[in-house]
Amino acid sequence: MPRFAANLSTMFTEHSFLDRFDAAARVGFQAVEFLFPYDFAPEEVAKAKVDAGVKIVLFNMPPGDWEAGERGLAALPGREADFADALDTAADWAGVLDSQRLHVMAGVPGEAAAAEAEAVYIANLKRAAARLGTCQISIEPINRRDIPGFFLNRQDQAHRVRAGVGAENVKVQMDLYHCQIVEGDVAMRLREFLPGGGVGHMQIAGVPERHEPSVGEIHYPYLFTLIDALGYQGWIGCEYRPRARTAEGLGWAKAYGIG
């Protein structure tokens, strides 16, 4: 049966961030993920996790200047020093939070040539893989409707980058919302990429509005059965925006012990 993690950056937003850990646990989530926790002290976030009795299975490395439009630093030529600083910060956080996984966003390289951006991306990921050791690094293809100009968009591209890095702790974060928008044919993409262990984390949301997975054009019950059949043992992050209060939209999850 699939194992679901609540994304606390998009779910339970009717609560303050530190209270979302307990809110997720109370409806049956055993694990959580989130984007950027850096407005808090890591010890505060760790305490919220422990008090709620949940695991933290993913969070994001600092993305650069978000307000200025930066969406990650890893594939930005000339920003290697900034990437290294952000990596140090994230590594410290991962240690305090005992997180299993860190999402390293590729970013928007602008006018940089694709080959140059990819070379920088691979070099930075190699450094991150060595720095983080047992903490897994996730790289995620993201559609360019949500983030115009984002460097990493397709599953095959992500697996090519992963192979170029050649580190066991670098895996692909397969978000089926982004996959449907960019590529479609999601079941075939799952059959192609889940076997072999290259996918370390998955995420879901309804398409196109990014609401509950029960809303929109993807039939997730079929995909959950397929994911089980393909032997995936990792977590599936629920990175969606509830249409109302989060608990009210968890009908889709009752069959999986949540809600």
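Residue indices begin from 1 for each chain and proceed along its sequence in written order. Per-residue local features of the predicted model are confined to residues with pLDDT of at least 70, and side-chain atom pairs are confined, for both listing and counting, to 80 or more; whole-chain, interface and lining totals are unaffected and use all residues. In computing side-chain values, all of the structure's heavy atoms are included and hydrogens and water are not.

Visitor: Any chance you could break down the pattern of salt bridges for me, citing the residues and the numbers?
Guide: We count a salt bridge whenever a side-chain nitrogen from Lys or Arg sits within 4 Å of a carboxyl oxygen from Asp or Glu. In this structure the tally under the stated criterion is 15 salt bridges. The shortest N-O distance in the salt bridge between aspartate 88 and arginine 131 comes to 3.2 Å. Placement of the pair is aspartate 88 in helix α3 (residues 80–97) and arginine 131 in helix α4 (residues 114–132), with a sequence separation of 43 residues. Categorising residues by exposure relies on relative accessible area from a 1.4 Å probe, with only protein chains included: less than 20% of the type maximum marks a residue as buried, more than 50% marks it as exposed, and the intermediate range marks it as partly exposed. Its relative accessible area of 34% is what places aspartate 88 among the partly exposed residues. Residue arginine 131 is classed as partly exposed on the basis of its relative accessible area, which comes to 40%. Note that glutamate 192 is salt-bridged to arginine 189, the shortest N-O span being 3.2 Å. Numbering of helices and strands runs from the N terminus, with a helix taken as a DSSP run of H or I at least four residues long and a strand as a DSSP run of E at least two residues long.

Visitor: How would you explain unusual backbone geometry if you had to name every residue and give the values?
Guide: Of note, the bond from valine 207 into proline 208 is cis; its omega dihedral lies within 30 degrees of zero at 15 degrees. With respect to the secondary-structure elements, proline 208 resides in the loop between β7 (199–204) and α8 (220–229). Although it is not a glycine, aspartate 98 adopts a positive phi angle of roughly 55 degrees. Examined against the element boundaries, aspartate 98 turns out to sit in the loop between α3 and β4 (101–103). The exposed category is assigned to aspartate 98, whose relative accessible area is 60%. Of note, arginine 210 is a non-glycine position whose phi angle comes to about 65 degrees, a positive value. Mapped onto the elements of the fold, arginine 210 is located in the loop between β7 and α8. With a relative accessible area of 11%, arginine 210 lands in the buried category.

Visitor: Explain the sheet that holds strand β5 (residues 136–139) to me, using residue names and the numbers behind them.
Guide: Strands qualify as paired when DSSP identifies two bridges or more between them. Pairing is parallel in the closed barrel, where eight strands are placed in the order β1-β2-β3-β4-β5-β6-β7-β8. When strand polarity is set aside, the average angle formed by the axes of neighbouring strands in this sheet is 30 degrees. Examined bridge by bridge, strand β3 (residues 55–60) and β4 share two bridges and lie parallel to one another. Its bridge partner lying in β4, asparagine 60 is registered against histidine 103. The criterion used for residue contact is that any of the two residues' heavy atoms lie within 4.5 Å. Every angle, taken between N-to-C directions, lies between 0 and 180 degrees, and every axis is a line fitted to C-alpha atoms, over only the stretch in contact when it is a helix. Sheet strands touched by α3: β3 and β4. Its angle to β3, the strand with the most contacts, is close to 170 degrees.

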